[in-house]
Amino acid sequence: MEREGPRSASSAPPSSLRWEILRGAFLARSTPPSSPHASSQVDRKIISRRTSSHFNMIPRHFISENFSGALDVPLEVRHSDSKRDISVLYKLPVMTAHSLVLTQRMENEVDLKDFEISNQFNIDNTGLLCCWPSEDILAHFCLKNKDIFSGKKVIELGSGYGLAGLAIAAGTDAREVVISDGNPQVVDYLQLNIDTNIRSFGDKKVKAMTLHWDQKLDSCMLSSFDAIVASDCTFFKEFHEALALTVKSLLKNSERSTAILLSPRRGDSLDKFLVKVEEIGMRSEVVENYDPAVWQRHLMFLSGEDKSWPNYDEDHFYPLLVKLSFGDPTEAPFLQTLPGN
Ligand SMILES: C[S@@+](CC[C@H](N)C(=O)[O-])C[C@H]1O[C@@H](n2cnc3c(N)ncnc32)[C@H](O)[C@@H]1O
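Just so it is clear, the model here is predicted, and its values are computed rather than measured.

## Here's the deal with the overall build of the chain
1) Next: Scanning the chain from terminus to terminus reveals eleven helices and ten strands.
2) Next: Sorting the 341 residues of the chain into buried and exposed places 45% on the buried side.
3) Next: The contacts of the chain with a sequence gap of at least 6 include a subset with a gap of at least 24, amounting to 75%.

The following block contains the structure:
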């Protein structure tokens, strides 16, 4: 029963997927062990374990309600009021950066209201389900290559809980960071997460924004970003063109600007997205091995040497690095520090 998150998203209409995820969430919480649904509950646990597996490039710890601030985390706001939320501490592997504390839903906590909002805004709620493995890698990649953000204006698209955007804000010398998602509920979490970690950002302008790729962009945003980052956002074929056009509209029309996407291949989904990119006149480059540590973990999951991710499936979980730009992505000066060039 492959039903969680973006995994099956490309093959069914969005509304039926939303209801399938909702049904799954209700079954997982309400089915007694002896009921006919008990075996699907077991399947679900296996799937849940799989999606909650991570590359763990940014070490994380769940923190309890009586977390007292003994950790060196300068927080303004520590907890949301909701019983279904958890706080997660992400230890950024950068000397100068503080750790980040993010409020997230407990994994797979979705309810009827979430689906009403999804339908109302024509958006999925995969961003509420968890922080996906690609986001962890994107945050790591951005911190490891932090020089490429120096003095730049950056936006994260489809950010979910925004780990990568927040890591750029806390751990690089970016000038301004906008963290965006098309789901207004996700943006509420983003705003809380920005408020919580505000003291880690120094003088940088950091803001959350509701940005649906189908929406008309504010004229002040057009051609204004030096860099765009996004993770696991190419799985919905119905939004391929809108996402590609959003990237093209937001990015400064310069050889020096670029978008960095981390995307698992997910069947033909990534390839189809890249066709759209070409159709709208942008250039792309795909790099498979862009970071030695990530590559090493990928190989260990694949071989089974690392057993922490049973049934690891590279097509769905190993994100490829996709660079989009107006000129030749391999020649853009902004990208010259990236591995693979
Ligand atoms: C699989 S989640 C990835 C979230 C996050 N980047 C991560 O990797 O944890 C896809 C995200 O894209 C957002 N999204 C999907 N379609 C969108 C659209 N048309 N416009 C803006 N955001 C969208 C969802 O709300 C969700 O947060």
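Now that the structure is up, let's keep going.
## A look at the site of the ligand
1) Next: Among the 25 residues in the neighbourhood of the ligand, the closest are listed as Gly 127, Glu 135, Gly 158, Gly 160 and Gly 182.
2) Next: Those elements giving two or more residues to the shell around the ligand turn out to be α4 (126–129) and α5 (133–144).
3) Next: Here the shell around the ligand is built from residues that sort into nine nonpolar, eleven polar and five charged.

## Some points on the confidence of the model for the chain
1) Next: This prediction gives the chain a mean pLDDT of 82; 75% of its residues lie at or above 70.
2) Next: Low pLDDT, under 50, characterises residues 1–12; the predicted model gives this stretch 29 contacts beyond four residues in sequence or across chains.
3) Next: Below a pLDDT of 50 lies the segment residues 68–78, which in the model reaches 22 contacts outside its immediate sequence neighbourhood of four places, other chains included.

## Here's the deal with the packing of α5 against helix α6 (residues 163–171)
1) Next: At a minimum axis distance of 8 Å, the contact between α5 and α6 shows a crossing angle of 20 degrees. Put simply, α5 runs roughly parallel to α6. Where α5 crosses over α6, the handedness of that crossing is right-handed. Of the residues in α6, those in contact with Glu 135, Asp 136, Leu 138, Ala 139, Cys 142 and Leu 143 of α5 are Leu 163, Ala 164, Ala 167, Ile 168 and Gly 171.

About the cut-offs
Here the residue numbers are simple positions, counted from 1 along each chain's written sequence. Owing to the predicted nature of the model, reporting of local features is limited to residues with pLDDT of at least 70; listing and counting of side-chain atom pairs is limited to 80 or more, with chain, interface and lining totals taken over all residues. Comment: elements are numbered from the N terminus, with helices defined as DSSP H or I runs of at least four residues and strands as E runs of at least two. Working definition of burial: number of other C-beta atoms within 10 Å of the residue's own, with buried at 20 or more, exposed at 12 or fewer, and partly exposed in between, all C-beta atoms being placed from the backbone. We call two residues in contact whenever the C-beta atoms placed from their backbones are within 7 Å. A residue counts as near a molecule or strand when its C-beta atom, positioned from the backbone, falls within 6 Å of it. Residue polarity is assigned by list, with Asp, Glu, Lys and Arg as charged and Ala, Val, Leu, Ile, Met, Phe, Trp, Tyr, Cys and Pro as nonpolar; anything else, Gly included, falls into the polar class. The quantity known as pLDDT measures the predictor's confidence residue by residue, on a range of 0 to 100. Only C-alpha atoms enter the line fits that serve as axes; for helices the fit covers just the stretch in contact. Angles between N-to-C directions range over 0 to 180 degrees. Throughout, the term roughly parallel applies to angles under 35 degrees, roughly antiparallel to angles over 145, roughly perpendicular to angles from 65 to 115, and oblique to all others. In this scheme, a crossing is called left-handed if the near helix is turned counterclockwise away from the far one by less than a right angle; it is called right-handed if the turn is clockwise.

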